[in-house]
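# A structural walkthrough
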Amino acid sequence: MQKNYYPLVDMSRFFAAMLVLIYHLGYSTWQPRSNGYFIHEGLYSIPQMSWAWFGYIGVQIFFVISGFVITHSAAKASLHQFVIGRITRLYPTLWICATITLLVCIAGDLYSGSELLRRYVGSLLLLPKAPWMEGVYWTLVLEIIFYALVGLMILSRRIHRIDLLAIFLTLYSGSAIIVASLFHATDIDWLSSLIGLARGKRQLLAWHGVFFAMGIYFYLASVGRLRAINALFAIATLVLCCLQIYVGAALPRAEALAEIGQEEMAMRLPWIPIAAFLVFTAVIPLSIRYGARIGQHVSVRMASLLRLLGLMSYPISLLHFTLGLVMMRLLVTQGASPMLALGVACMLVLVLSWAIARFVEPDFQRWTRAQLPRLHQAIFARGAAIS
């Protein structure tokens, strides 16, 4: 088994993707406030899936895993290697999934031609601001911002002090979370606007930066570089992660609170998403501590399966929303129960994600990796000719 490979982390990544899938298709999208409600316009509801309200926590788990994995990949890479690696990991699957979603939108007659073109181009380029083919692409924008920060550490030859980036994210993002928790109901206009900016403008990393920082601390622990001061910051960051989750669950923003009924708020026990986050995130330190022992009991075949499940998490995240909702709408229209439609939609997303991760993605990534140096040379050659 490959050194520095943590099979349980791939398992955690897969279950995080499943949490988000079940949350969207089973719970949030039949709520009138959902961005996907217009696709089925109240055709069905699945009240027996209300327990899945906390599935959004999969996003926070993803960010912690990303902080851990990306820091590992950057530790001994040049800036060129890091950039090429991130492009080939991020964009080929994005292009595949955005194209599939485009075809689904056309078949489902969801948008006008001009709107589809705008969304598709924005998705292919992964522009920093919506609209995209799927709303979930906002998570990729945050990933790219984190990549840029890590890239700056490589460029400045300070990657060996990646702990400084973690501390910065802890202080920066943690401050925003603490202020939001203390003054969420403030009547002071400028403070209310500042809190709204931190929570609403995700590109600022103010609301999710602590999760990437937590991943960096896990990396430092995995390579034996977690100094005492870093350990203290890691503990503080974990507390801040839990506080962010608490604020999101128990103290929703005013516009969201207006649409959430008292019954639903009573159901939202903050300890549930906090516990889910801690359980799935604990996989990383457990893998670090008992990695060698776990490796002895994981066969090559099982490691390959877990690796595939980890790779499937990316297309699951990108594909499930529109594809799943259109499939559910079709099945319910034909007389299927909402629960059956949910099961079929989930299976469709899983099978398609498996096919992409297993057969399509590897070749497309290799092709992209081969083309990037040629594109780089062509751009510089043209620039030289113009000058």
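Please refer to the structure higher up on the page.
Calculation criteria
Residues numbered from 1 in each chain as written. Predicted model: local features only at pLDDT ≥ 70, side-chain atom pairs only at ≥ 80, totals over all residues. Heavy atoms only, no water. Helix = DSSP H or I, 4+ residues; strand = E, 2+ residues; numbered from the N terminus. Rg over C-alpha atoms; globule rule 2.2 N^0.38 Å. Buried < 20%, exposed > 50% of the residue type's maximum accessible area, 1.4 Å probe, protein only. Expected span 1.5 Å × (residues − 1). Arc of directions from axis to C-beta. Phe/Tyr/Trp six-rings, centres within 6.5 Å; stacked < 30°, edge-to-face > 60°. Salt bridge = Lys/Arg side-chain N within 4 Å of Asp/Glu carboxyl O. Axes fitted to C-alpha atoms, helices over the stretch in contact; angles between N-to-C directions. Left-handed = near helix turned anticlockwise from the far one by under 90°. Contact = heavy atoms within 4.5 Å. Nonpolar A, V, L, I, M, F, W, Y, C, P; charged D, E, K, R; others polar. 1 Å grid on protein atoms, 1.4 Å probe; cavity = no way out; pocket = protein on both sides within 12 Å on 5 of 7 lines; lining within 4 Å. Points joined across faces, edges and corners; volume = space filled by probe spheres on them. Disulfide = S-S within 2.5 Å. Parallel < 35°, antiparallel > 145°, perpendicular 65-115°, else oblique. Core = buried A, V, L, I, M, F, W, Y, C linked by side-chain atoms within 4.5 Å.

## A short note on the overall build of the protein
Along its length, the protein carries 16 helices and zero strands. Relative to a compact globule of 387 residues, whose C-alpha radius of gyration would be 21 Å, the protein shows 21 Å and is just as compact. In terms of overall dimensions, the protein has C-alpha extents of about 55 × 55 × 50 Å along its principal axes. Across the 387 residues in the protein, those meeting the buried criterion constitute 51%.

## Quick word on helix 5 (residues 113-125)
With 13 residues, helix 5 should reach 18 Å at 1.5 Å per residue; the first-to-last C-alpha distance of 18 Å fits that figure. E115, L116, R119, Y120, G122 and S123 are the residues of helix 5 that are buried. Taken end-on, helix 5 shows its buried residues confined to a sector of 165 degrees, consistent with a single buried face. Across helix 5 from its buried face, at more than 90 degrees, point the exposed residues G113, S114, L117 and L125.

## A word on the packing of aromatic side chains
The way to describe two aromatic rings as a pair is by their centre distance and the angle between their planes. In this structure the tally under the stated criterion is 19 aromatic pairs. Geometrically, the ring pair formed by Y27 and W30 is edge-to-face, given 6.1 Å between the ring centres and 80 degrees between the ring planes. A residue is classified by how much of its surface remains accessible, and Y27, at 1% relative accessible area, is buried. Grouped by ring-pair contacts, the aromatic residues Y23, Y27, W30, W53, F54 and Y56 constitute a single cluster.

## Some thoughts on the pattern of salt bridges
Evaluation of the coordinates by the stated rule reveals eight salt bridges. Here R307 makes a salt bridge to D10, at a shortest N to O gap of 3.6 Å. Of the two residues, R307 sits in helix 15 (residues 300-333) while D10 sits in helix 1 (residues 7-27), which places them 297 residues apart along the sequence. Judged by relative accessible area, R307 falls into the partly exposed class, the value being 37%. Residue class for D10 comes out buried when judged on its relative accessible area of 1%. A salt bridge links D163 to R227; its shortest N-O distance comes to 3.1 Å. Linking D163 in helix 7 (residues 162-182) with R227 in the loop between helix 9 (209-222) and helix 10 (228-250), this pair joins segments that are 64 residues apart in sequence. On the basis of relative accessible area, D163 is assigned to the buried category, the value being 4%.

## Topic: the packing of helix 9 against helix 10
In contact at an axis separation of 9 Å, helix 9 and helix 10 are set at 145 degrees when each is read in the N-to-C sense. Handedness of the crossing formed by helix 9 with helix 10: left-handed. Residue-level inspection shows V210, F211, A213, M214, Y217 and L220 of helix 9 in contact with helix 10, the latter providing N230, F233, A234, T237, L238, L240, C241, Q244 and I245. Its residues placed into classes, the contact of helix 9 with helix 10 shows 12 nonpolar, three polar and no charged.

## A look at the layout of surface pockets
Here the second largest pocket defines a volume of roughly 1,400 Å³. Along the wall of the second largest pocket there are 50 residues; nearest its centre are R13, V69, R86, R89 and R307. Of all the secondary structure elements, the ones that give two or more residues to the lining of the second largest pocket are helix 1, helix 3 (57-74), helix 4 (79-108), helix 6 (138-155), helix 15 and helix 16 (338-386). Each residue belonging to the lining of the second largest pocket can be placed in one class, and the counts come to 28 nonpolar, 13 polar and nine charged.

## A short note on the state of the cysteines
Counted according to the given criterion, the structure contains zero disulfides. Cysteine C97 is unpaired, with the sulfur of C105 as its nearest cysteine sulfur at 13 Å. Among the cysteines around C346, which has no disulfide bond, C97 carries the closest sulfur, lying 16 Å off. Under the relative-accessibility criterion, C346 is labelled buried at 8%.

## Section: the packing of helix 3 against helix 9
Remark: helix 3 packs on helix 9, axes separated minimally by 7 Å, with the N-to-C direction vectors making an angle of 45 degrees. One way to sum up the angle between helix 3 and helix 9 is to call them oblique. When you trace helix 3 past helix 9, the crossing you get is right-handed. Across the interface between the two elements, Q60, F63, V64, S66, G67, F68, T71 and H72 of helix 3 pack against F211, F212, M214, G215, I216, F218, Y219 and S222 of helix 9. Of the residues in the contact of helix 3 with helix 9, the class split is nine nonpolar, seven polar and no charged.

## Considering the side chain of S317
Structurally, S317 is set in helix 15. In this structure S317 comes out as buried when scored by relative accessible area, which is 13%. Sequence-distant contacts of S317, defined by excluding residues within four places in its chain, comprise A17, F62 and V136.

## Topic: the nonpolar core
I57, Y137, F146, V150, Y217 and I316 are the most contacted members of the largest nonpolar core, which totals 116 residues. Broken down by element, the residue count for this core peaks at 13 residues, all from helix 15. Residues in contact with Y137, not counting those within four places in the same chain, are L94, C97, A98, S123, L126, W132 and L318.

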